[in-house]
Amino acid sequence: MPRQLGDCERAGLQHGDGRIRLRSATLHDAERIHALIHLHRDELVPRPMGNIVEHIDRFLVAECDGEMVGCAAYQIWPEIGDPLKATVEVQSVAVRFPYRRRGIGRLLVNGVIEKVRPFNPCEILVLTLTPAFFESLGFHETPKPPDEIRAFRDSPRKMRAFVDEMNRRKVDFVVELGDFKPAPHPLIPYVKNIQKNI
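Everything quoted here is computed from the prediction, not taken from an experiment.

Student: So what's going on with the overall build of the protein? Residues and values would help.
Tutor: The number of helices and strands found in the protein is six helices and eight strands. Walking the protein from its N terminus toward its C terminus, one meets helices and strands in the order α-β-β-α-α-β-β-β-α-β-α-β-α-β. For the protein, with 198 residues in total, the buried portion stands at 43%. Taking all contacts inside the protein whose residues are at least 6 apart in sequence as the whole, residues at least 24 apart take part in 71%. Accessible surface, the protein as shown: approximately 10900 Å² in total, 54% of it carbon and sulfur.

Printed below as a string of structure tokens:
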């Protein structure tokens, strides 16, 4: 039987004297999520506050003694021509530096997977600059993405250049202007296939 998000919340992790709890984000979390993503600006694509608020229902947060220490989100990408074959992208996985390497990132990613399981996605993917972490969670590298999946408009190389440029310019927000055609690249997307009978 698949583990439900509630089981994830009850399981928790210990960090020092505190207990780590995973929960769905609320609008009260938006500013803290924005600040946390900004702290990881060398690893994550920046998200404007409006985007976080608009997608707050797709965020999970990890707390330790009432303090937010991590976040993760997801995006559903339809396959052109077949909406039942949607792909889910795990996004904005961030853990505050003092809490890293304690299983919180794993808890967040697994929580996202459990949250999207009812949608029955064909696969779950992540575009990442930290592939070893996602490999440890059962994701594997895929050589070239299908052109139909809009999520592959960015590659890690382009993502790194984008993050560097946004940090250089010290921008406060980013406006997404639409889809871009994928270009040949040494993409390192990681995909986790969902087993239908788990």
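After presenting the structure, the write-up continues.
Student: Break down unusual backbone geometry for me, with residues and values.
Tutor: Residues apart from glycine generally show negative phi values, whereas peptide bonds are mostly found in trans. Positive phi outside glycine occurs at Asp65, with the angle close to 50 degrees. Assignment of secondary structure puts Asp65 in the loop between strand S3 (59-64) and strand S4 (67-79). Phi at Arg101 takes a positive value of approximately 60 degrees, unusual for a residue other than glycine. Of note, Arg101 is situated in the loop between strand S5 (82-95) and helix H4 (104-116).

Student: Go over the pairing of S4, please, and point to the residues and values.
Tutor: When a strand is regular, its side chains alternate between the sheet's two faces. Looking at chain direction, S3 and S4 are connected through six bridges and run antiparallel. Bridge pairing in S4 places Ala62 opposite Gly70. Between the end of S3 and the start of S4, which pair antiparallel, lie two residues, with Asp65 showing a positive phi angle near 50 degrees. Sheet analysis places S4 next to S5, joined by eight bridges and oriented antiparallel. Residue Ile76 lies in a different strand from S5, and its bridge partner there is Val88.

Student: Describe the side chain of Arg47, and please don't skip the residues or the numbers.
Tutor: Inspection of the secondary structure puts Arg47 in the loop between helix H2 (30-39) and helix H3 (49-54). Buried and without a salt bridge, Arg47 has Glu89 as its closest oppositely charged side chain, separated by 8.1 Å. One polar contact links Arg47 to Asn51, side chain to side chain, over a distance of 2.7 Å. A distance of 3.0 Å separates a polar atom in the side chain of Arg47 from a polar atom in the side chain of Ser92. Dropping the residues within four chain positions of it, Arg47 is found in contact with His34, Ile37, Ile52, His55, Phe59, Ala73, Gln91 and Ser92.

Student: Go over H2 with me, naming the residues and quoting the values.
Tutor: For H2, the set of buried residues is Ala30, Ile33, Leu36 and Ile37. Along the long axis of H2, the arc covered by the buried residues comes to 125 degrees, so they all point the same way. Against H3, S3, S4 and S5 lie the buried residues of H2.

Student: Provide a residue-level description of H4, including the pertinent values.
Tutor: The terminal C-alpha atoms of H4 lie 18 Å apart, and with 13 residues this matches the ideal 18 Å at 1.5 Å per residue to within 8%. Among the 13 residues of H4, eleven are classified as buried, and the element is accordingly described as predominantly covered. Where H4 is concerned, the buried positions are Ile104, Gly105, Leu107, Leu108, Val109, Asn110, Gly111, Val112, Ile113, Glu114 and Val116.

Student: With reference to specific residues and values, describe the packing of aromatic side chains.
Tutor: Using the criterion set out here, one finds three aromatic pairs in the structure. Ring plane angle 45 degrees and centroid distance 6.3 Å describe the contact between Tyr74 and Phe119, whose orientation is recorded as tilted. Placement of Tyr74 in strand S4 and of Phe119 in the loop between H4 and strand S6 (123-127) is noted, with a sequence separation of 45 residues between them. We classify Tyr74 as buried; its relative accessible area is 8%. Its relative accessible area of 47% is what places Phe119 among the partly exposed residues. Between Phe134 and Phe139 the ring centres are 5.6 Å apart and the planes differ by 85 degrees, which places this aromatic pair in the edge-to-face class. In this pair, the class of Phe134 matches that of Phe139, namely buried. Each member of the aromatic cluster is reached from another via a ring pair, and the members are Phe133, Phe134 and Phe139.

Cut-off values and rules
- Residues numbered from 1 in each chain as written.
- Predicted model: local features only at pLDDT ≥ 70, side-chain atom pairs only at ≥ 80, totals over all residues.
- Heavy atoms only, no water.
- Helix = DSSP H or I, 4+ residues; strand = E, 2+ residues; numbered from the N terminus.
- Buried < 20%, exposed > 50% of the residue type's maximum accessible area, 1.4 Å probe, protein only.
- Contact = heavy atoms within 4.5 Å.
- Areas by Shrake-Rupley, 256 points an atom, 1.4 Å probe, with all protein chains shown as cover.
- Pairing = 2+ DSSP bridges.
- Lys, Arg positive; Asp, Glu negative; His and termini not counted.
- Salt bridge = Lys/Arg side-chain N within 4 Å of Asp/Glu carboxyl O.
- Polar contact = N/O pair within 3.5 Å; in protein donor to acceptor, adjacent residues only side chain to side chain.
- Arc of directions from axis to C-beta.
- Expected span 1.5 Å × (residues − 1).
- Phe/Tyr/Trp six-rings, centres within 6.5 Å; stacked < 30°, edge-to-face > 60°.

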